[in-house]
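Fold and contact review
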Amino acid sequence: MALALSERSFDEVAMLKLSPVSSRPGAPGIVTLSQREKAAIVVRFLLSEGAELTLADLPEDLQAALTVQFGQMRHVDRATLAAVVAEFAEELEQIALLFPRDVAGALTALDGRISPQTAARLRREAGVRQTGDPWDRLRMLPADKLLPFLSSESVEVAAVMLSKLDVAKSADLLSRLPGTEARRIAYAMSLTGAVTPDAVYRIGLSLAMQLDAVPDRAFSEDPEQRVGEILNMSSPATRDDVLTGLEETDAQFAQSVRRAIFTFADIPARINPRDAPKITRGLDQPTLVRALAHARALGGNAEDAADFILGNISQRMADGLREEVTQTGKVKVKAGEDAMSAVIATIRELVASGEMAMRQRGSDEEDE
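Because the structure is predicted, anything quoted here is derived from the model rather than measured. Once a new chain begins, its residue numbering starts again from 1 and follows that chain's sequence as written. Local features in this predicted model are restricted to residues of pLDDT 70 or higher, and side-chain atom pairs are both shown and tallied only at a pLDDT of 80 or more, whereas totals for entire chains, interfaces and linings draw on every residue. Calculated side-chain values reflect all of the structure's heavy atoms, with hydrogen atoms and water omitted.

Observations concerning the overall build of the chain
Segments assigned H or I by DSSP are reported as helices when at least four residues long, segments assigned E as strands when at least two residues long, and all are numbered from the N terminus. Looking only at helices and strands, one finds 22 helices and zero strands in the chain. Remark: exposure states derive from per-residue accessible area (1.4 Å probe, protein chains only) relative to the maximum for the residue type, with buried under 20%, exposed over 50%, and partly exposed in between. Looking at the chain as a whole, 35% of its 368 residues qualify as buried. Residues are treated as being in contact if the distance between any of their heavy atoms lies within 4.5 Å. The contacts in the chain between residues at least 6 apart in sequence include a share of 74% that link residues at least 24 apart. Reported accessibility uses the Shrake-Rupley method at a 1.4 Å probe radius. Residues are deemed covered only where the shown protein chains occlude them. Accessible surface computed for the chain: about 22,100 Å², of which carbon and sulfur atoms make up 53%.

Set out below in structure tokens:
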């Protein structure tokens with residue numbers, strides 16, 4: 001019975017709200033116990049049996065009442081313990097279903113089963129904040145999402161933030177700031193020795209709340225990324241025409257779109273040589289041959305990309321492909337462009353699945 005009780009979910013204990021187990025008047029050797037005494041006995045018994053009880057899930061007043069009662073208890077004889085535990089077990093056996101105690105618990109229970117938009121709306125309407133350590137949530141964000149906080153918050157808050165993030169991410173963020181601002185934040189970090197855990201938690205909660213205050217987005221990707229994805233699959237003529245028009249309308253947006261675009265000619269700069277065989281394995285050979293043939297006919301950066309692929313696969317396979325490219329001769333423009341687009345689509349699928357990484361433009365290192 002002790003083992004069975006120790007394995008029960010603490011939600012069941014919390015649901016009882018430290019209520020007493022039913023009294024047994026007249027039971028020999030059993031003294032009359034109050035609600036808090038019986039609750040303290042049950043919790044103490046579960047802890048002694050190795051149960052993982054998350055007491056922090058209880059309301060603070062109940063946590064305080066339980067702690068005070070623990071301090072007042074001394075010892076309990078075997079007969080009293082057996083009676084209290086047996087009654088508590090009997091009460092638990094009558095419970096068939098347990099529902100969360102509030103909207104926060106309901107949102108946790110239904111996480112992944114209702115849409116993010118519905119969950120966000122319910123959270124706002126009920127005034128429910130994200131549960132758990134807010135810093136865990138902040139650590140999961142990419143540097144681009146965290147950078148605005150460094151610019152908008154005080155240097156003291158920025159110093160705490162960099163102290164709580166992973167070292168690599170903090171270094172990345174600091175490198176993106178102007179020198180003067182970076183030095184001020186670095187100095188402020190030297191003054192964080194006396195910051196209390198409660199203050200750090202409240203800063204994290206405030207930053208997480210700002211994330212919750214951002215309106216729901218209809219699209220998960222940024223506009224420049226969406227435009228870049230479309231232009232990736234467009235013909236070179238269409239891509240160049242659109243980019244020229246964007247530069248005339250909004251040069252900054254056009255520059256962001258260019259960074260998001262990944263074309264056949266970008267392969268040598270953004271793909272690690274050891275990943276070239278993965279590209280060839282993901283394509284049927286006729287498509288790959290058409291892409292290589294068209295790229296060689298175009299010359300310039302496109303030909304360099306074809307040579308990059310051939311130069312980083314097995315010698316035997318490369319020789320076979322070169323021979324087929326020669327035999328194929330000139331490829332129709334539309335067929336060649338479609339084949340090169342198929343190569344790009346294969347690379348993007350490999351990146352999305354985590355099988356390979358893509359380098360940043362102008363970087364000698366892979367994206368992690």
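Overview of the pattern of salt bridges
Any carboxyl oxygen of Asp or Glu within 4 Å of a side-chain nitrogen of Lys or Arg constitutes a salt bridge here. In the structure shown here, the tally under the stated rule is ten salt bridges. Here E229 makes a salt bridge to R348, at a shortest N to O gap of 3.7 Å. Taken as a pair, E229 in helix α14 (residues 223-232) and R348 in helix α22 (residues 333-352) lie far apart in primary sequence, 119 residues in all. When its relative accessible area of 23% is taken as the criterion, R348 is described as partly exposed. Note that K334 is salt-bridged to D338, the shortest N-O span being 2.8 Å. Of this pair, K334 and D338 both sit in helix α22, four residues apart, which is roughly one turn of that helix. In this structure K334 comes out as exposed when scored by relative accessible area, which is 55%. Residue D338 is classed as partly exposed on the basis of its relative accessible area of 42%.

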